[in-house]
Amino acid sequence: MATCVEEQKDAMSKISFSTNGLKMSVKSYIFMTIICFWSVISVATESVPRPRGVSLTNEPLYRDTEWFTCLDGSRRIRRNLVNDDYCDCIDSSDEPGTSACPLGKFHCNNRGFRPKYIPTSRVNDGICDCCDASDEYKGEGAIKCVNNCRELGKADLERRKQEIILMNQGFEVRQEYIKQGAEKKVEREESITKLREEKELADQIKEEKDKLKQEAEAPETEAKDAHKKLWEAQLELLKATKEKQKTSDAFDELDLDGNGRVSPDELLNHKEFDADGDGVVSEDEAKAVLKGLDQAQKSTFTDIIWPSIKGKFISLQQDQSDETTPPTTQEEGDGGEPYEGDMGDPGDDYDPGEDVDDAGDEEDDDEEYDKDMDEEAIMEKYRRNQQEKEKKEKGGEDEEAMPEYDEATQVLIEAADIARDDFKAAEKRSNDIKRSIEDLEKLLRVDLGPHQEFQPLQNQCFEFTDREYTYKLCPFDKTSQRPKTGGSETSLGTWGQWEGPVENRYIKMKYSGGKNCWNGPDRSTMVILRCGTENKLLAASEPERCTYEFEFETPALCTIKTDPQTGETDNHDEL
Ligand code: MAN
């Protein structure tokens, strides 16, 4: 009964607490009055007080004056055995106000604050657990507990009011985000439309430039081909002339006596004709080279002999001029033979005093490595020979290089180059626009919340640093981790999807496919979002190896507006 009056008083106090909440409080006052009235009648008829530790809700279950049925229905006991400090019910329900039962629950009414249950083992244990002091018996020697529920209630109310103020601020920011998000969406859609128009134009220009390019390239190709063909024909001619010269040189070289005919004995010095490899070229071997002829005139040599020996033939003159090492001692063997003047490394064996006669190719050559020449002079001569040889080789290469295009072709090439550059630029423009459209489409495909309220988080990153790492969240893009001591960033995942429960999808974000964890999964992050006045990464942890959890606060999730006076909430998302 006293309880009822208190609750009635409480309802009364709410009337004075707020005028805004008047309607609600009046309702609760009327309700309390009815309850009180009904209680007064019941108490008058039954007069069984609510046992200690029993909540108002459960009170009817203990109202029978004669019997009490254990709450699990397992047993019926006499009513006076309730709270007799002896446990009768298996579910401990007969001793809600004593510590006799092991599993009992004591209900603290805590009027003015929050009611709560405590285990009955804490009843009368010398420690104040309920703010209304109801868990400790009163009397002599008992601990004195003070009822501070009203103070706690007041502080809690204040805290909740502050919370509501912050959430309401967040709510206002969210409304702004929704506005921004919607504007951004329209802006992106408009940009795409504009870019599509631009692309159409750019594609037309590209097509035109392509046509112009082809038109410019056709005469260019024709002229270049003609130039090339001409050059190839010239090259053929050059090759044929060279070949003819080579044949003639070979003939002249082999015709040792200069009688205009090559005979087998003139081939004996050419080891390449040593068919059986016994070290000497026999008469028969030499004759076989001349296809059984005793001698071959230049025309026969050119037409019949040369084609079959040109692959084998080694010019002794060329052999000498090809030497890449400086002159040294004459080798053992057929002294005085043209190719015998081998040049070895200018090392220990090198004797500048030795005869290095090179078979008398030319007059100059006769004096090339004169007996009387000193070592330095011989080396100098050798160097000059090498340089000349290199120059010759270089000249040969140049001879075969394609000559520059004639002026008319050059003009055509220049025109085609310009057309090509124009086309490339037009193509680039079209591709750039295409890429911009794709980028925008990608951004538009991202689920930024039912009202685009998460849009302002796009293209932003937030960091949180703990003892070891700096964690980064770039919403709708990626998450990462970087050691505080320096070093590279490790990907903890890229944007995947919203992963909250169906009725509340937007409270969790999933980032997956991060850097693979050695002997483990690819790194991934779950971001848990909650309402806050600003965007802030509050915490980062790794509940399982390479599986991360971030806590993120954002106004985008402040969906509820609460009246701080009445506590009435407004959960509408619409602007
Ligand atoms: C790095 C970090 C840690 C992770 C280990 C796994 O040190 O990414 O978060 O647990 O690798 O080897």
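Residues numbered from 1 in each chain as written. Predicted model: local features only at pLDDT ≥ 70, side-chain atom pairs only at ≥ 80, totals over all residues. Heavy atoms only, no water.

Participant: What's the story with the overall build of the protein in this structure? I'm lost.
Facilitator: For the protein, the helix and strand inventory stands at nine helices and 16 strands. Counting all 575 residues of the protein, 34% fall into the buried class. Contacts in the protein between residues far apart in sequence, at least 24 positions, make up 45% of those at least 6 positions apart. Put simply, the protein shows about 35,100 Å² of open surface, and 50% of that area lies on carbon and sulfur atoms. (Helix = DSSP H or I, 4+ residues; strand = E, 2+ residues; numbered from the N terminus. Buried < 20%, exposed > 50% of the residue type's maximum accessible area, 1.4 Å probe, protein only. Contact = heavy atoms within 4.5 Å. Areas by Shrake-Rupley, 256 points an atom, 1.4 Å probe, with all protein chains shown as cover.)

Participant: Could you clarify how one ought to interpret the pairing of strand 14 (residues 547–554) in this entry?
Facilitator: On any regular strand, side chains alternate: one points to one face of the sheet, the next to the other face. In this structure, strand 12 (residues 524–531) lies alongside strand 14, joined through eight bridges in parallel fashion. Bridge assignment links Met526 to a residue of strand 14, and that residue is Glu549. Taking the residues between adjacent antiparallel strands as the criterion, strand 13 (residues 536–544) and strand 14 are bridged by two residues, where Cys546 takes a positive phi near 70°. (Pairing = 2+ DSSP bridges.)

Participant: Would you mind showing me how to read the pattern of salt bridges here?
Facilitator: Two side chains that carry opposite charge are able to pair once their charged atoms sit near each other. Under the criterion given, the structure shown has 30 salt bridges. As a salt-bridge pair, Glu59 and Arg63 come within 2.6 Å of each other at their nearest N and O atoms. In this structure Glu59 comes out as buried when scored by relative accessible area, which is 14%. A single network of salt bridges, built from pairs that share partners, joins Lys213, Glu217, Glu220, Lys224, Asp417 and Arg420. (Salt bridge = Lys/Arg side-chain N within 4 Å of Asp/Glu carboxyl O.)

Participant: For this particular structure, what's the right way to read the site of the ligand?
Facilitator: Taken together, Tyr469, Gln481, Cys517, Arg523, Glu542, Arg545, Cys546 and Tyr548 are the residues near the ligand. Separating an oxygen atom of the ligand from a side-chain N or O atom of Tyr469 is a distance of 3.1 Å. Alone, the ligand offers 310 Å² of accessible surface; in the complex the protein occludes 66% of this. Looking at the shell around the ligand residue by residue, the class counts come to four nonpolar, one polar and three charged. (Near = heavy atom within 4 Å. Polar contact = N/O pair within 3.5 Å; in protein donor to acceptor, adjacent residues only side chain to side chain. Nonpolar A, V, L, I, M, F, W, Y, C, P; charged D, E, K, R; others polar.)

Participant: What am I meant to see in the state of the cysteines here?
Facilitator: Linking two cysteines covalently through their sulfur atoms gives a disulfide. Summed over the entire model, instances satisfying the criterion amount to eight disulfides. Here Cys128 engages in a disulfide with Cys145; their sulfurs sit 2.0 Å apart. Here Cys128 and Cys145 share a disulfide; its torsion about the S-S bond, -90°, makes the bridge left-handed. A residue pair is termed long-range when its members are at least 10 positions apart, and Cys128 in the loop between strand 4 (116–119) and helix 3 (149–254) and Cys145 in the loop between strand 4 and helix 3 qualify at 17 residues. Residue class for Cys145 comes out buried when judged on its relative accessible area of 18%. One disulfide in the model links Cys131 with Cys149; its S-S distance is 2.0 Å. Sign of the S-S torsion, about 105° for the bond between Cys131 and Cys149, identifies this disulfide as right-handed. Placement of the pair is Cys131 in the loop between strand 4 and helix 3 and Cys149 in helix 3, with a sequence separation of 18 residues. (Disulfide = S-S within 2.5 Å.)

Participant: Looking at this structure, I do not really get the pairing of strand 11 (residues 508–512). What am I missing?
Facilitator: Summarising the sheet, strand 10 (residues 490–498) and strand 11 pair through four bridges and their orientation is antiparallel. Along strand 11, the bridge assignment pairs Trp495 with Tyr511. Across four bridges, strand 11 lies against strand 12 in antiparallel orientation. Bridged to Met509 within strand 12 is Val527.

Participant: How should the environment of Ile418 be read in this particular structure?
Facilitator: Checked against the element boundaries, Ile418 lands in helix 9 (residues 407–445). A relative accessible area of 53% places Ile418 in the exposed class. Taking C-alpha positions, Ile418 is 9.0 Å from Ala216, a pair spaced 202 residues apart along the chain.

Participant: Looking at this model, I keep getting lost on the sheet that holds strand 11. Mind explaining?
Facilitator: As a general point, the strands of a sheet are linked pairwise by backbone hydrogen bonds and lie either parallel or antiparallel. The strand order across the open sheet formed by eight strands is 7-8-9-10-11-12-14-13, and the pairing between neighbours is mixed. Looking along the sheet, the strands with just one partner apiece sit at the ends: strand 7 (462–465) and strand 13. Each adjacent strand pair in this sheet contributes to an overall mean axis angle of 25°, direction not counted. (Axes fitted to C-alpha atoms, helices over the stretch in contact; angles between N-to-C directions.)

Participant: Would you mind showing me how to read the confidence of the model for the protein here?
Facilitator: In low-pLDDT segments, the atomic positions of the prediction should not be examined closely. Put simply, the protein has an average pLDDT of 83, and 78% of its residues get 70 or more. Low pLDDT (under 50) marks residues 1–46, which in the prediction has 39 contacts with non-local residues, meaning those over four places away or in another chain. Note on residues 326–369: pLDDT under 50 across the span, and 83 contacts to partners over four residues away in sequence or across chains. (pLDDT = per-residue confidence, 0-100.)

Participant: I keep staring at the packing of aromatic side chains and nothing clicks. Help me out?
Facilitator: Each aromatic ring pair is characterised by the separation of its centres together with the angle its planes make. Scanning the model with the defined rule gives 15 aromatic pairs in all. A ring pair is formed by Phe454 and Trp498, whose centres lie 4.7 Å apart and whose planes are at 50°; its orientation type is tilted. Placement of the pair is Phe454 in the loop between helix 9 and strand 7 and Trp498 in strand 10, with a sequence separation of 44 residues. The same class applies to Phe454 and to Trp498, which are both buried. Measuring from centroid to centroid gives 5.8 Å for Phe476 and Trp498, while their planes differ by 65°, and the two rings are edge-to-face. In this pair, Phe476 is assigned in the loop between strand 8 (469–474) and strand 9 (478–483) and Trp498 in strand 10, connecting sequence segments 22 residues apart. (Phe/Tyr/Trp six-rings, centres within 6.5 Å; stacked < 30°, edge-to-face > 60°.)

Participant: Would you explain unusual backbone geometry in this entry?
Facilitator: The bulk of non-glycine residues show a negative phi, and the bulk of peptide bonds are trans. Residue Asn83 is not a glycine yet carries a positive backbone phi of 55°. Along the polypeptide, Asn83 turns up in the loop between strand 2 (76–78) and strand 3 (105–108). According to the relative accessible area criterion, Asn83 is partly exposed, its value standing at 22%.

Participant: So what exactly am I meant to see when it comes to the packing of helix 3 against helix 5 (residues 298–309) here?
Facilitator: Across the interface, helix 3 lies against helix 5 with an axial gap of 10 Å and an inter-helix angle of 110°. Considered as vectors, helix 3 and helix 5 are oriented roughly perpendicular to each other. In this structure, helix 3 crosses over helix 5, and the sense of that crossing is right-handed. Between helix 3 and helix 5, the residues in contact are Glu243, Thr247, Ser248, Ala250, Phe251, Asp252 and Leu254 and Lys298, Phe301, Thr302 and Trp306, respectively. (Parallel < 35°, antiparallel > 145°, perpendicular 65-115°, else oblique. Left-handed = near helix turned anticlockwise from the far one by under 90°.)

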